[in-house]
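Listed here are the chains, written in short residue letters.
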Amino acid sequence: MQGSNGVNKKHLIAQRSLWLFMAKLMPTIVFILITILYSRQLSYYNYGLFQSVWMYTNVISVTISFGIYSLLLSSDLSSFYSLFKNYKKNITAFYLALVTLTFLTFLFTEKNMEYSIRFLLIFFILIQTATLILEVLLIKTGQEKFIFFSNSFYSLVFFGWHYYVLQKSFDLQFLLIGIIILSTLKLFLFSLKIKKIPVGQPNTKVSFNQWKFLGLNDIVGVFAKWIDKLVLIYLLSPGNFALFFNGSIEIPMFGIMISVIGSIMLVEIATKLYSNKQVAEIFRESFLMLSCITFPVFWFLLFYRNELFFIAFEHKYDASIPIFFITLMILPLRINNYSVILQCYDKANEVLKGSVLDILIAVALMPVLYHFIGLRGIALSIVISTFFQLFYYLKQSAKVLSIPVLQLIPLKSLIIFFILTSLISLFLFLALQDLNVYFRLTVAITLTLLLTATSLFYHFKRENFLKRRINSFF
């Protein structure tokens, strides 16, 4: 019976993750297309300015939301509302002060945008933040399908607007006005759906300290993610920033997968806190499931990076390739959301320590590595700091569950699969060397997708997988 329940739970997590993944994937694909289109047609200066809009949006949105996303995912709605009601005045005053300080800092420190564009961007960020909060509420009640269809429609119109603005002669202010109108409509649609969300009885413990630590961790985490670009945007011209940005940009698909799996795991683990065994089981399951996608794609990107940059940017951004190569080294590490256990067990302080550790190591390494290998050193410092952060999370998560660290990781399976996919990808790369670049990439993409699909099929076909894993670890 336990094995059957485990299998059902595995498929439930996968089903919900799939809808949410597709809901996040559509906007990401659209933005990749926009990035390629704008990279080719805009000057380095305008492209750098365009990408800085989205960097500021990501950083500021997380800052002014201060932990709401994470707290909503790791607690039930009734407990969340109860906490807000008990600390209503303090929380309201804090957020007003935080939002005001954040936007004033942005207004008076940003050096490349006109003030009219800065104010438009602030308005867009407020709408975007509110929309993301409502999206989390929809996830809490299993509305992933609704999110998928809403995001898909929004993304198509979003792309159409970007294309239209580019054809008319690029104007960042005009672009932002249209995006604000589209985002307002999406916010209105989500708000209508939210009215139907039921609120049950409290069944999780939510504390003010937990909110505080999650908020601080979210801020530190987003600064850790963007620290290289936040530093360089003030040191480099928009043109040079554009070159670094295209080389160091995170592969969007993997960020989505980690976000999606993390969101679902938070919801599932929050209901299994009474059983350390089941929590560890869910955590290990995520490693195995994500590796089926991450490893084949990692090797494809590594071997075909030159061809991809040629086709995407027509040699305009070849100077970004060495930075891209180093940035890729993060991918094999990021095959799970490492902080979910700590979040669910009210260990947000440990999550915060891991994020601070990430920033401190990165900042300490940046000037040293930059001195020896230039901008590639900035990217390498992020890879190294990420490794130490993830190891810290694993160590603390194992401590919470009172188990050895290695029992949280199906290490043997991961190593075998990593080596196997590398050998298959290397053989394929060597076999296709003499073919036309377009045909070579087409075949490589097809076979990489086939390898990924086969891996996932084999993974989910093993009906007694979870039961065997439980018996081998406990």
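What you see is a predicted model, and the numbers here were worked out from it, not measured in a lab.

**Examining the overall build of the protein**
Per the secondary structure count, the protein includes 20 helices and zero strands. Considering the protein as a whole, with its 474 residues, one finds that 55% of them fall into the buried category. A separation threshold of at least 6 residues defines the contact pool for the protein, and within that pool the share at least 24 residues apart is 83%. Carbon and sulfur atoms provide 69% of the accessible area of the protein, an area that totals close to 21600 Å².

**Describing the layout of surface pockets**
Volume-wise, the second largest pocket comes out at about 430 Å³. Considering the residues around the second largest pocket, the lining is formed by 17 residues, among which Pro332, Leu333, Tyr338, Ile409 and Leu411 are closest to the centre. Counting residues per element, the ones that place at least two in the lining of the second largest pocket are α12 (276–303), α17 (375–401) and α18 (411–431). Partitioning the lining of the second largest pocket into residue classes produces 17 nonpolar, no polar and no charged.

**Let's talk about the nonpolar core**
One recurring pattern in soluble globular proteins is that nonpolar side chains are buried together. With 69 residues, the main nonpolar core has Tyr38, Phe170, Leu175 and Tyr304 as its most contacted residues. With eleven residues, the single largest contributor to this core is helix α2 (residues 44–65). For leucine 175, the contacting residues outside a window of four places in its chain are Tyr38, Phe50, Trp161, His162, Val165 and Phe170.

**Some thoughts on the packing of α2 against helix α5 (residues 88–109)**
Two elements in contact, α2 and α5, have axes whose closest approach is 9 Å; the angle formed by their N-to-C orientations is 155°. Compared by their axis directions, α2 and α5 come out roughly antiparallel. In this structure, α2 meets α5 at a crossing whose hand is right-handed. Of α5, the residues touching α2 (which contributes Tyr56, Ile60, Thr63, Ile64 and Ser65) are Tyr95, Leu98, Val99, Thr102, Phe103 and Phe106. Taken together, the residues of the contact of α2 with α5 sort by class into eight nonpolar, three polar and no charged.

**Quick notes on the side chain of threonine 35**
With respect to the secondary-structure elements, threonine 35 resides in helix α1 (residues 2–41). Excluding its chain neighbours within four sequence positions, the residues that come into contact with threonine 35 are Tyr47, Gln51 and Asn246.

**Points about the environment of glycine 48**
Along the chain, glycine 48 falls in helix α2. Since its relative accessible area comes to 3%, glycine 48 is described here as buried. As a C-alpha pair, glycine 48 and phenylalanine 245 span 197 residues in sequence and 7.9 Å in three-dimensional space. Look past the residues within four positions of glycine 48 in its chain and what remains in contact with it is Pro238, Phe241 and Ala242.

**Remarks on the packing of helix α16 (residues 348–373) against α17**
One way to put it is that α16 packs onto α17 with a least axis distance of 7 Å and a crossing angle of 155°. Overall, the two elements α16 and α17 adopt an arrangement that is roughly antiparallel. When you trace α16 past α17, the crossing you get is right-handed. Looking at the contact of α16 with α17 residue by residue, the class counts come to 17 nonpolar, eight polar and four charged.

**Things to note about a nonpolar patch on the surface**
Taken together, the side chains of Leu406, Leu411, Ile415, Ile419 and Leu423 define a hydrophobic patch exposed on the protein surface, amounting to about 460 Å² of accessible area. When you line up the elements, isoleucine 419 lands in helix α18. Relative accessible area serves as the criterion here: at 44%, isoleucine 419 is assigned to the partly exposed category.

**Concerning the packing of aromatic side chains**
Two numbers describe a pair of aromatic rings. These are the distance of the centres and the angle of the planes. Considering all chains together, one arrives at 39 aromatic pairs under this definition. Consider the rings of tryptophan 54 and phenylalanine 158, whose centres lie 5.9 Å apart with planes at 70°: the pair is edge-to-face. Of this pair, tryptophan 54 sits in helix α2 while phenylalanine 158 sits in helix α7 (residues 144–168); the two residues are 104 residues apart in sequence, bridging distant segments of the chain. Among the aromatic residues, ring-to-ring pairing joins Phe295, Phe298, Trp299, Phe300, Phe303, Tyr304, Phe417, Phe418 and Phe429 into one connected group. Just above the ring of tyrosine 115 sits the side chain of arginine 118; from NZ or CZ to the centre is 4.2 Å. Its end group placed over the ring of phenylalanine 146, lysine 193 keeps NZ or CZ at 5.0 Å from the ring centre.

**Quick look at unusual backbone geometry**
Its identity as a non-glycine residue notwithstanding, phenylalanine 66 has a phi of 40°, on the positive side. Mapped onto the fold, phenylalanine 66 is located in the loop between α2 and α3 (68–73). Positive phi, close to 70°, is recorded for histidine 315, a residue that is not glycine. Of note, histidine 315 is situated in the loop between α13 (305–313) and α14 (321–327). When its relative accessible area of 48% is taken as the criterion, histidine 315 is described as partly exposed.

**Some words on the environment of glutamine 343**
In this structure, glutamine 343 sits in helix α15 (residues 340–344). With a relative accessible area of 7%, glutamine 343 lands in the buried category. The spatial distance from the C-alpha of glutamine 343 to the C-alpha of phenylalanine 213 is 9.6 Å, given a sequence separation of 130 residues.

**A closer look at the pattern of salt bridges**
Enumeration over the complete set of coordinates arrives at five salt bridges. Among the salt bridges present, the one from glutamate 307 reaches arginine 440, with a minimum N-O distance of 3.0 Å. On the criterion of sequence distance, the pair formed by glutamate 307 in helix α13 and arginine 440 in helix α19 (residues 437–461) is long-range, its members being 133 residues apart. The two residues glutamate 307 and arginine 440 agree in class, both being buried. Here glutamate 350 and lysine 353 are joined by a salt bridge, their closest N and O atoms 3.7 Å apart. Residue glutamate 350 and its partner lysine 353 are both found in helix α16; the two are separated by three residues, about one turn of the helix.

Basis of the calculations
- Residues numbered from 1 in each chain as written.
- Predicted model: local features only at pLDDT ≥ 70, side-chain atom pairs only at ≥ 80, totals over all residues.
- Heavy atoms only, no water.
- Helix = DSSP H or I, 4+ residues; strand = E, 2+ residues; numbered from the N terminus.
- Buried < 20%, exposed > 50% of the residue type's maximum accessible area, 1.4 Å probe, protein only.
- Contact = heavy atoms within 4.5 Å.
- Areas by Shrake-Rupley, 256 points an atom, 1.4 Å probe, with all protein chains shown as cover.
- 1 Å grid on protein atoms, 1.4 Å probe; cavity = no way out; pocket = protein on both sides within 12 Å on 5 of 7 lines; lining within 4 Å.
- Points joined across faces, edges and corners; volume = space filled by probe spheres on them.
- Nonpolar A, V, L, I, M, F, W, Y, C, P; charged D, E, K, R; others polar.
- Core = buried A, V, L, I, M, F, W, Y, C linked by side-chain atoms within 4.5 Å.
- Axes fitted to C-alpha atoms, helices over the stretch in contact; angles between N-to-C directions.
- Parallel < 35°, antiparallel > 145°, perpendicular 65-115°, else oblique.
- Left-handed = near helix turned anticlockwise from the far one by under 90°.
- Patch = residues over 30% accessible without salt bridge, like charges linked within 9 Å, V, L, I, M, F, W, Y side chains within 5 Å.
- Salt bridge = Lys/Arg side-chain N within 4 Å of Asp/Glu carboxyl O.
- Phe/Tyr/Trp six-rings, centres within 6.5 Å; stacked < 30°, edge-to-face > 60°.
- Lys NZ or Arg CZ within 6 Å of the ring centre and 35° of its normal.

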